[in-house]
Amino acid sequence: MPTLVDLTRTMDPENRARVHESFKALETVIAPRIQYLSPESGGLERMMSIFGCQASDLPDGEGWGRTC
């Protein structure tokens, strides 16, 4: 019986070693590396640089990755 593989979702980067050798060139597409940023660890600066705004323009002076 054939195996169905769902290619609509990316792999967890922790499973990167499971990427078949023939797909190694696409490794970062199949299992992307994601860096999560909080406002204090670069999220605020990243958002301001992308949108060309100041911290005072953002809700509570925070950027992406707002902590609750």
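Above this note sits the structure.
Residues numbered from 1 in each chain as written. Predicted model: local features only at pLDDT ≥ 70, side-chain atom pairs only at ≥ 80, totals over all residues. Heavy atoms only, no water.

1. Some thoughts on the overall build of the chain
Right, so step 1: Each helix and strand in the chain was counted, giving two helices and zero strands.
Right, so step 2: Looking at the 68 residues of the chain, the share that counts as buried comes to 21%.
Right, so step 3: Expressed as a percentage of contacts within the chain between residues at least 6 apart in sequence, the contacts between residues at least 24 apart total 20%.
Right, so step 4: Roughly 5900 Å² of accessible area belongs to the chain as shown, and the carbon and sulfur atoms make up 56% of that amount. (Helix = DSSP H or I, 4+ residues; strand = E, 2+ residues; numbered from the N terminus. Buried < 20%, exposed > 50% of the residue type's maximum accessible area, 1.4 Å probe, protein only. Contact = heavy atoms within 4.5 Å. Areas by Shrake-Rupley, 256 points an atom, 1.4 Å probe, with all protein chains shown as cover.)

2. Some points on a nonpolar patch on the surface
Right, so step 1: On the surface, a cluster of nonpolar side chains totalling about 290 Å² of accessible area is made up of Phe 23, Leu 26 and Val 29.
Right, so step 2: Secondary-structure assignment places Val 29 in helix H1 (residues 27–30). (Patch = residues over 30% accessible without salt bridge, like charges linked within 9 Å, V, L, I, M, F, W, Y side chains within 5 Å. Salt bridge = Lys/Arg side-chain N within 4 Å of Asp/Glu carboxyl O.)

3. Observations concerning the environment of Arg 16
Right, so step 1: Relative to the helices and strands, Arg 16 resides in the segment before H1.
Right, so step 2: Exposure remark for Arg 16: the relative accessible area of 9% places this residue in the buried category.
Right, so step 3: Sequence separation between Arg 16 and Thr 28 is 12 residues; the distance between their C-alpha atoms is 8.6 Å.
Right, so step 4: When near neighbours in sequence (up to four residues on either side) are disregarded, Arg 16 contacts Lys 24, Glu 27, Ala 31, Pro 32 and Arg 33.

4. Comments concerning helix H2 (residues 43–51)
Right, so step 1: Residues Gly 43, Leu 44 and Met 47 constitute the buried set of H2. All buried residues of H2 project into a common sector of 100° when viewed along the axis, lining one side. (Arc of directions from axis to C-beta.)

5. Quick word on unusual backbone geometry
Right, so step 1: Positive phi is not limited to glycine here, since Asp 60 has a value of about 60°.
Right, so step 2: Looking at where Asp 60 falls in the secondary structure, it is placed in the segment after H2.

6. Focus on the environment of Ala 17
Right, so step 1: Looking at the element boundaries, Ala 17 is found in the segment before H1.
Right, so step 2: As a C-alpha pair, Ala 17 and Glu 27 span 10 residues in sequence and 9.3 Å in three-dimensional space.

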